[in-house]
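Single-letter residue listing:
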Amino acid sequence: MLDLHCHILPGVDDGAEDLAASLAMAEKAISQGITHILCTPHHNNGKYVNPKSFVMEQVKNLQMELDKRQLPLTLFEGQEVRITGDVLEEIQQERILFTDIGNTYLLIEFPTMDVPAYTEQLFFDLRARGQVPIIVHPERNAKFREDPNRLIPFLEMGCLAQLTAPSYVGIFGKSIQKTAKQMVKQRLVQMVASDAHGVHKRNFYLKEAFEAMENDFGSEYVQQMEQVAKDVINGDATEIPEYTEIRKKKFGLF
Ligand code: FE
């Protein structure tokens, strides 16, 4: 199993505090059946700045520590990029990490309460360069929660969206769980990742989320999501199931 979103690097953001915490996360991941992790520290979120070269160094170091202990887990370099007006410039300056070595897919995080007005233009520019923004945890963003259909214009541009596994199993509460299920049902999100921050806070729940999803919607949903995760790591084109708009009931009583 692949995990495309994880704060496992030691001491670089609000994820693992130190090496011991990273190793505990690695052990938990392995027990979940995770074999590969895309390390995605926060970048430019107002608190943490983790440019490409720094992340690459950190990933190399942690991989060495895992190998030393014969922990069977492969790490890849990535980033959770907060949306700012500087994303294109930062790509040119080689400060941004994509999920794949061909620089196709990148994880984009919105502020919790907002989808900035310049998003459409930025995504349009990225798409024109052949790049694919992946909107992370839309189910935890106020605007997308208010109306999940707001994802559709971005999906129509060829962007993707990534759900956080703990949302699906109810760790962030009933309301976020409901939104998460709705987004999966309508295929408004195309992949799931842990966004794990530690073993005592914000754990993986990836296995549990896939089990619940299989229960709710069948194994095909899970298989398709796992395939999208592989494609996103490999930089391959994705085959996306058709999404449908969430229809609002006009007559609540019927
Ligand atoms: Fe994250």
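Above this text you will find the structure in question.
Residues numbered from 1 in each chain as written. Predicted model: local features only at pLDDT ≥ 70, side-chain atom pairs only at ≥ 80, totals over all residues. Heavy atoms only, no water.

A. The arrangement of the pattern of salt bridges in detail. Under the counting rule described, the total for this entry stands at eleven salt bridges. The salt bridge partner of Arg95 is Glu90, with a shortest N-O separation of 2.6 Å. Assessed through its relative accessible area of 8%, Glu90 is described here as buried. Salt-bridge contacts for Asp195 lead to Arg202; the nearest nitrogen and oxygen are separated by 3.1 Å. Each of Glu65, Lys68 and Arg69 takes part in a single network of salt bridges with overlapping partners. (Salt bridge = Lys/Arg side-chain N within 4 Å of Asp/Glu carboxyl O. Buried < 20%, exposed > 50% of the residue type's maximum accessible area, 1.4 Å probe, protein only.)

B. Region of interest: the packing of aromatic side chains. As enumerated under the stated definition, the model contains five aromatic pairs in all. For the pair Phe217 and Tyr221, a centre-to-centre distance of 5.1 Å together with 20 degrees between the ring planes defines the contact as stacked. Note on Tyr221: relative accessible area 15%, which makes it buried. Taken together through their ring pairs, the aromatic side chains of Phe110, Phe123, Phe144 and Phe154 make up a single cluster. The cationic tip of Arg187 hangs over the ring face of Tyr221; the distance from NZ or CZ to the ring centre is 3.4 Å. (Phe/Tyr/Trp six-rings, centres within 6.5 Å; stacked < 30°, edge-to-face > 60°. Lys NZ or Arg CZ within 6 Å of the ring centre and 35° of its normal.)

C. Expanded view of helix α10 (residues 219-234). With 16 residues, α10 extends 23 Å from end C-alpha to end C-alpha; this agrees with the ideal 22 Å at 1.5 Å per step. If you check which residues of α10 are buried, you get Tyr221, Val222, Met225, Val228, Ala229, Asp231, Val232 and Ile233. With its phi angle positive at about 75 degrees, Gly235 sits one or two positions after the end of α10. (Helix = DSSP H or I, 4+ residues; strand = E, 2+ residues; numbered from the N terminus. Expected span 1.5 Å × (residues − 1).)

D. Representation of the nonpolar core within the structure. Judged by nonpolar contacts, the single largest core of 61 residues is most densely connected at Ile37 and Phe123. Among the elements that make up this core, the one with the highest residue count is helix α1 (residues 19-32) (five residues). Residues contacting Phe123, with those up to four places away along its chain left out, are Ile83, Ile108, Phe110, Pro133, Ile135, Phe154, Met157 and Cys159. One finds Val136, Ala229, Val232 and Ile233 within the second-largest nonpolar core, a separate group that totals 15 residues. (Core = buried A, V, L, I, M, F, W, Y, C linked by side-chain atoms within 4.5 Å. Contact = heavy atoms within 4.5 Å.)

E. Inspection of the coordination of the iron ion at higher detail. Bound to the iron ion are the protein donor atoms His5 (NE2), His7 (NE2), Glu80 (OE) and Asp195 (OD), situated 2.1 to 2.2 Å from the metal. When the donors of the iron ion are listed by position in the chain, the intervening gaps give H-x1-H-x72-E-x114-D. Of this pair, Glu80 sits in strand β5 (residues 80-82) while Asp195 sits in the loop between β9 (191-193) and α9 (206-217), and the two are 115 residues apart along the sequence. Summarising the burial analysis for this pair, Glu80 and Asp195 share the class buried. (Donors = N, O, S within 2.8 Å, 3.2 Å for Na, K, Ca; no water.)

F. Inspection of the sheet that holds strand β2 (residues 36-39) at higher detail. Here we have three strands laid out as an open sheet, ordered β1-β2-β4, and parallel in their pairing. Of all the strands in the sheet, the pair left with one neighbour each is β1 (2-6) and β4 (74-77). Between one strand and the next, the sheet's axes are offset by a mean angle of 25 degrees, whatever the strand orientation. Across three bridges, the pairing between β1 and β2 is parallel. Looking across to β2, one finds that Asp3 is bridged to Ile37. (Pairing = 2+ DSSP bridges. Axes fitted to C-alpha atoms, helices over the stretch in contact; angles between N-to-C directions.)

G. Structural view of the sheet that holds strand β7 (residues 132-136). The six strands lie next to each other as β3-β5-β6-β7-β8-β9, forming an open sheet whose pairing is parallel. With partners counted over all chains shown, the strands left at the sheet margins are β3 (42-43) and β9, one partner each. In the packing of helix α4 (residues 119-128) onto the sheet, contacts are made with β6 (105-109) and β7, and the angle to β7 comes to roughly 140 degrees.

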